[in-house]
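Residue-level structural notes
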Amino acid sequence: ELYCHFNNLTSLELLNNTYLNWLRCSNNMINSINYNSQLLTYIHCANNQLQYLNFSNNTLLYYLNIAGNQFNTLDLSNNFSINYIFAENNNLSSCNVRNNNNTSISIFKSTNNPLLECIEVDNISYSSNSNSWLKDSWSNYSTNCSLTGCTDSLACDYNPQAWIDDGSCD
């Protein structure tokens, strides 16, 4: 376990810590974390300067707090054990939590992400009706945020499922 919150750290180099399973480094000025532990179950790195972390090898991860950073994308599609996701106050424009286990997510927060229009999920109805899933009013849930088609609601070939306009509107 590593606790190094409330310091003036700007980076963390943890490549030799392959047995690390708990990381709490919030409230620093960290802009990069290098790690390769696949045993991480808990990551709390809120209120830093982080723009991206790759969580694809962290299949045991159940708690993630990246709130108050500068993340543009968040992909948790390989994180089948995730239960808590705090991703508010970032610059997210892409968020994928479609991991075939969304009903296990106890808390999901993505508020205050002005560019986040689509959140990819397993089940739109479940995510929309859960009181513990919080998002901005302009964000919507979809099972495929990369679906292309006509996004003009006045066009005859309008596709309400499409998120990316492919120029096909008539």
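Refer to the structure printed above.
Residues numbered from 1 in each chain as written. Predicted model: local features only at pLDDT ≥ 70, side-chain atom pairs only at ≥ 80, totals over all residues. Heavy atoms only, no water.

What about the packing of aromatic side chains?
For the record, the criterion: Between 30 and 60 degrees the pair is tilted, below 30 it is stacked and above 60 it is edge-to-face, where a pair is any two Phe, Tyr or Trp rings, Trp via its six-membered ring, whose centres lie within 6.5 Å. By definition, any uninterrupted DSSP run of H or I lasting at least four residues is a helix, any uninterrupted run of E lasting at least two residues is a strand, and each is numbered from the N terminus. Only protein chains enter the accessibility calculation, which uses a 1.4 Å probe. A residue is then buried if its area is under 20% of the maximum for its type, exposed if over 50%, and partly exposed in between. A ring is considered to have a charge above it if a Lys NZ or an Arg CZ atom is located within 6 Å of its centre and within 35 degrees of its normal.
Across all of its chains, the model carries 7 aromatic pairs by this definition. Both rings, one in Tyr63 and one in Phe86, keep their centres 5.7 Å apart while their planes meet at 45°; by these two values the pair is tilted. Of this pair, Tyr63 sits in strand E6 (residues 63-65) while Phe86 sits in strand E8 (residues 84-86), and the two are 23 residues apart along the sequence. In terms of burial, Tyr63 and Phe86 fall into one category: buried. Taken together, the ring pairs connect Trp22, Tyr42, Tyr63, Tyr84 and Phe86 into an aromatic cluster. The ring centre of Tyr141 lies 5.4 Å from the NZ or CZ of Lys135, which sits over that ring.

Describing the nonpolar core
Our working definition: Among buried residues, those of type Ala, Val, Leu, Ile, Met, Phe, Trp, Tyr and Cys that are joined through side-chain atoms within 4.5 Å constitute a nonpolar core. Note on definitions: a residue-residue contact is assigned when non-hydrogen atoms from the two residues lie within 4.5 Å.
In this structure, Ile33, Phe55, Leu64, Leu74, Ile85, Val97 and Phe108 are the most contacted members of the largest nonpolar core, which totals 34 residues. When contributions to this core are tallied by element, the ones reaching two or more residues are strand E2 (11-14) and strand E4 (32-35). Setting aside residues no more than four positions away along its own chain, Leu74 makes contact with Phe55, Leu64, Ile66, Ile85, Ala87, Leu92, Ser94, Cys95 and Asn96.

Topic: the side chain of Asp136
The line we're drawing: Charge convention: Lys and Arg are scored as positive, Asp and Glu as negative, and His as well as the terminal groups of each chain are ignored. Basic side-chain nitrogens of Lys or Arg form a salt bridge, by our definition, when they fall within 4 Å of a carboxyl oxygen of Asp or Glu.
Mapped onto the fold, Asp136 is located in the loop between strand E12 (133-134) and strand E13 (140-142). An unpaired buried charge is present at Asp136: no salt bridge exists, and Lys135, the closest side chain of opposite charge, is 8.5 Å distant. Setting aside anything within four residues of it in sequence, one finds Asp136 in contact with Ser110, Thr111, Asn112 and Asn113.

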